[in-house]
Amino acid sequence: MGKTAASLAKKANSNRREWPRYTAEKDFSLAASIDGTVISCTILDVSLGGAKLRLDGEAPEGADIELSHPESDPVNCAQVWRRDGEIGIEFDFSEDSLGLISVCLRNMLELDPLPAVNG
């Protein structure tokens, strides 16, 4: 049976999360703008509520981060934690955030294509 997004949800640490978190099966990078400086970041996992990122540079503690990708509009995110070169960010529930989350999932998971619909 093929993989689906639901079957790929992996719980991180404990069941304290509000949304299922999807762990990256392959590297996927976004551009992160922090105080006007653009750096690359890798998505380590993502959910509807937020994501864990590895930055290719430093982010000042508490700085807001704008994530962007050519397939979606830029999204402003709040930094909620940081440790060992990784940061946790929180999404709002805007259409732009949902678009970016969709891009992340499509690019970081090995999903089987949907079956063709005849009609």
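Our subject is the structure that appears above.
Residues numbered from 1 in each chain as written. Predicted model: local features only at pLDDT ≥ 70, side-chain atom pairs only at ≥ 80, totals over all residues. Heavy atoms only, no water.

(A) Representation of unusual backbone geometry within the structure. With phi around 50°, Asp-35 is a residue other than glycine that occupies positive phi space. Phi at Asp-84 is positive, roughly 50°, even though this residue is not glycine. For Asp-84, the location among the structural elements is in the loop between strand 6 (72–83) and strand 7 (86–90). A relative accessible area of 77% means that Asp-84 is categorised as exposed. (Helix = DSSP H or I, 4+ residues; strand = E, 2+ residues; numbered from the N terminus. Buried < 20%, exposed > 50% of the residue type's maximum accessible area, 1.4 Å probe, protein only.)

(B) Up close: the pattern of salt bridges. Tallied over the entire structure, the rule returns three salt bridges. Between Glu-58 and Arg-82 there is a salt bridge whose closest N-O contact spans 3.9 Å. Taken together, the positions of Glu-58 in the loop between strand 4 (50–55) and strand 5 (65–69) and Arg-82 in strand 6 put the pair 24 residues apart, joining distant regions of the chain. By relative accessible area, which is 69% here, Glu-58 ends up exposed. With a closest N to O distance of 2.8 Å, Arg-106 and Glu-71 form a salt bridge. Here the residue Arg-106 occupies a position in helix 1 (residues 95–108), and Glu-71 occupies one in the loop between strand 5 and strand 6, the gap between them amounting to 35 residues. (Salt bridge = Lys/Arg side-chain N within 4 Å of Asp/Glu carboxyl O.)

(C) Highlighting helix 1. An ideal rise of 1.5 Å per residue puts 20 Å on 14 residues; helix 1 measures up with 20 Å between its terminal C-alpha atoms. The complete set of buried residues in helix 1 reads Ser-97, Leu-100, Ile-101, Val-103, Cys-104, Leu-105 and Met-108. Buried residues along helix 1 sit in contact with strand 1 (22–23), strand 2 (29–34), strand 3 (37–46), strand 5 and strand 6. (Expected span 1.5 Å × (residues − 1). Contact = heavy atoms within 4.5 Å.)

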